[in-house]
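# Reading the structure
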Amino acid sequence: MHKNEETNFNMMFTSKLDHSLAPYWLWAGLRILFTVWPQSGYIHPDEFFQSVEVIAGDVFDIEVARPWEFNTTFPLRSIALPYLTAGIPLILIKILSPFLLLWFNWNLKTSYVLLITPRLVTCMLSFVSDYCLYRICKVYGQNYRTRLITFATSYVVLVYGTRTFSNTIEMTFTSLLLYFVADCMAHSDQVIQQEEFLSDKYKEANSPVERVKLYKIRSALPSHSLSRCFALASITVLGTFNRPTFIAFAFPPIFFWLQRGLGSKIISLHDFHLRMLLFILSGVPTAVFLIMIDSFYYGYLTMGEIAMMKLGPDNLVVTPVNFIKYNMNSSNLAHHGLHPRYVHFLINIPLLYNVLGVVGIAAFLRIIYRGICKRWSDLPRVQSIIGLMTLSFLIPIGLLSLFPHQEARFLIPVTVPLVFLYAQHIRHIPSTECRQGQGKTHFFFVKGSQEELTIKPRLTTIHLVTSHIYSMPLFLLQLRNSKRPLFSKQTGQRYRLAQSFYSYEMGSDSLETVHHKLVSILKSCEEIHTEKKLDYRLFVAVPASLLEKFDKTVLTFNSSFSYSVSKVFYPHVSTEALPTLSFENECQLENMNLRFCKAKQIYLAPL
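Reading the values: the criteria
- Throughout, residues of each chain are indexed from 1 in the direction in which the sequence is written.
- Given that the model is predicted, a residue must reach a pLDDT of at least 70 before its local features are reported, and side-chain atom pairs must reach 80 or more before they are shown or counted; all residues, however, enter totals for whole chains, interfaces and linings.
- Computation of side-chain values covers all heavy atoms of the structure but excludes hydrogens and water.
- UniProt positions are given in the numbering used here, feature names are shortened, and annotations may be inferred rather than shown by experiment.
- Helix and strand definitions follow DSSP, with helices as H or I runs of at least four residues and strands as E runs of at least two, each counted in order from the N terminus.
- Within 6.5 Å between ring centres, the rings of Phe, Tyr and Trp (the latter by its six-membered ring) count as paired, and their orientation is classed by plane angle as stacked under 30 degrees, edge-to-face over 60, tilted in between.
- Throughout this description, the term charge over a ring refers to an Arg CZ or Lys NZ atom that lies within 6 Å of the ring centre and within 35 degrees of the ring normal.
- Here a helix's expected span is defined as the number of its residues, less one, multiplied by 1.5 Å.
- Throughout this description, buried means an accessible area under 20% of the type-specific maximum (1.4 Å probe, protein chains only), exposed means over 50%, and partly exposed covers the range between.

An unreviewed UniProt entry annotates the protein chain as Mannosyltransferase originating from Timema cristinae. UniProt, in its Subcellular location (unreviewed entry) section for the protein chain, records the words "Endoplasmic reticulum membrane". Note on the protein chain: under the UniProt heading Pathway (unreviewed entry), the record states "Glycolipid biosynthesis; glycosylphosphatidylinositol-anchor biosynthesis."

Quick look at unusual backbone geometry now. With a phi close to 55 degrees, Asp-61 is a non-glycine residue in the positive phi region. With respect to the element layout, Asp-61 can be found in the loop between α4 (52-60) and α5 (80-104). The backbone of Lys-374 sits at a positive phi, close to 60 degrees, despite the residue not being glycine. Note that Lys-374 resides in the loop between α18 (355-372) and α19 (385-400).

So, on to the UniProt feature "transmembrane region" (unreviewed entry) in the protein chain. Following the UniProt record, one finds the feature "transmembrane region" (unreviewed entry) at residues 83-106, 112-134, 146-166, 230-256, 277-300, 342-365 and 385-404. Taken end to end, residues 83-106 is 92% helix and 0% strand, and its first and last C-alpha atoms sit 25 Å apart. Helix makes up 89% of residues 230-256 and strand 0%. Its end C-alpha atoms lie 16 Å apart.

The description of two aromatic rings rests on the distance between their centres and on the angle between their planes. For the structure on display, the rule yields 18 aromatic pairs. Taken together, a centroid distance of 5.8 Å and an interplanar angle of 45 degrees make the contact between Phe-48 and Phe-475 tilted. With Phe-48 in helix α3 (residues 46-49) and Phe-475 in the loop between β3 (460-466) and β4 (486-487), this pair connects stretches of sequence that are 427 residues apart. Note that Arg-31 overlies the ring of Phe-127, its terminal NZ or CZ placed 4.0 Å from the centroid. Positioned over the ring face of Tyr-202 is Arg-211, at 5.5 Å from the centre of the ring.

Further remarks concern helix α11 (residues 229-242). The terminal C-alpha atoms of α11 lie 20 Å apart, and with 14 residues this matches the ideal 20 Å at 1.5 Å per residue to within 8%. Counting buried positions along α11 gives 11 out of 14 residues, so the element sits mostly inside the fold. Listing the buried residues of α11 in full gives Cys-229, Leu-232, Ala-233, Ser-234, Ile-235, Thr-236, Val-237, Gly-239, Thr-240, Phe-241 and Asn-242.

In structure tokens, the structure reads:
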């Protein structure tokens, strides 16, 4: 091969690589791999306790730690969406498990399957956002390759997109709204342009024949004013029942859908008001359906009341309204943590998106500067795709910043607008494709607990005390439900199963308080053991950074019990008990563990 031919071949090969989607498919495959090869930890308790923990308890009738948002007196969470995303796959597992166990000796009801199946559903739903981003780029002739690769390599997508957060479902709904609205905008712009052109030609026509011809052409133009009205309204209602904060993310795209074509000769305020009315009416069926589901689930409504048409505020529950009422009270939010109003803009965006987030903030500051300087022509046009994406990025963050409780994951739905707007700006910046932020990850113990429950004697109870770590989901242990009353056909009496597992969450209480709790549990267990001959095992899960302090606490109180380390999980970081770095002792890597410890009757365990 000649030198010139070799150079041309290299240039062609490089060009093909530049336009290839191979890097995107690689990262898409990694997203699926991260889902089916689960880490032994979780980012936040809500990824379990706002969906899977509750649904697994209902489906398998097992012992779970039901969160307060799902209480029957004032429920804050709709049950419909969790049943769609987690309930359906878990019900399939329940149906198929006996047959696969009988025919092939395959046990589907393992902690691994219960963990990854809902996550797989969430992962598949996250690819809806990929598709919407791709379609928006195609509709407006934008570079989709750079944006898809940036999106697929985002920390938000690789981590949150593989976990059962309601925020991830919220991102899917937001992406669908943006795609449908962007498509409607492009379609309306095209039809309005053609209609205005034909209208002008009609006025200029001299002969009746020419006018009739133009009138027929104009009448044949496709309808556009109410395009996708029912779909947009249904998505908005579903998203609001999933998380009422979705209203903030839905407002910009819905407003852009309502005001399409305003200012043209064809569209007037009458069209705007008509679209608004029909949009509201289109959302009523979905809203009524979800209200009925929640009212049945939480026991507010029965079939008898429907038959007698006894429907009213007393037997209907609207969970988004309860959610908003709860969060409008600052004293309620104080229980979850209060933050300065600037946390979302100055901390959470860079934390989630790194360079991309910084570019987005810089662009926002430039928009403010241009507005102050009255450079109106430099601002994004209201009816353009750039205007839609800019406001879909800024307005939700601004609205959510009004509330003092601000977690980074609340901003996940702005990922698509942010990537669409600024992915091109960072394409030449190195090391931005695969690392876009770091999250707070906590680990929990699954396999060992299950083994302990399996090998323990039948009449033995297990007690688990956790300190300075997140709450642990119980559905993976598949404990039989001890709260549901059962009926014995032989005796004709009702009874309940004896509880075999007890958990005690101490949060960030002092180790002295934890010690007192252990003494209290041991005393109670010993009394039961003496009276009923029931054995017990007591575990304590604490970060290893607290183990030395725990030793000193035990010595201080001259406790009669002893303990030993049963299981160590590495690595583990708890921000409630950060490890101490010592330069005198080579590096205390033990402080990065979480310990399960084992004692005379205490099994002190670092996870």
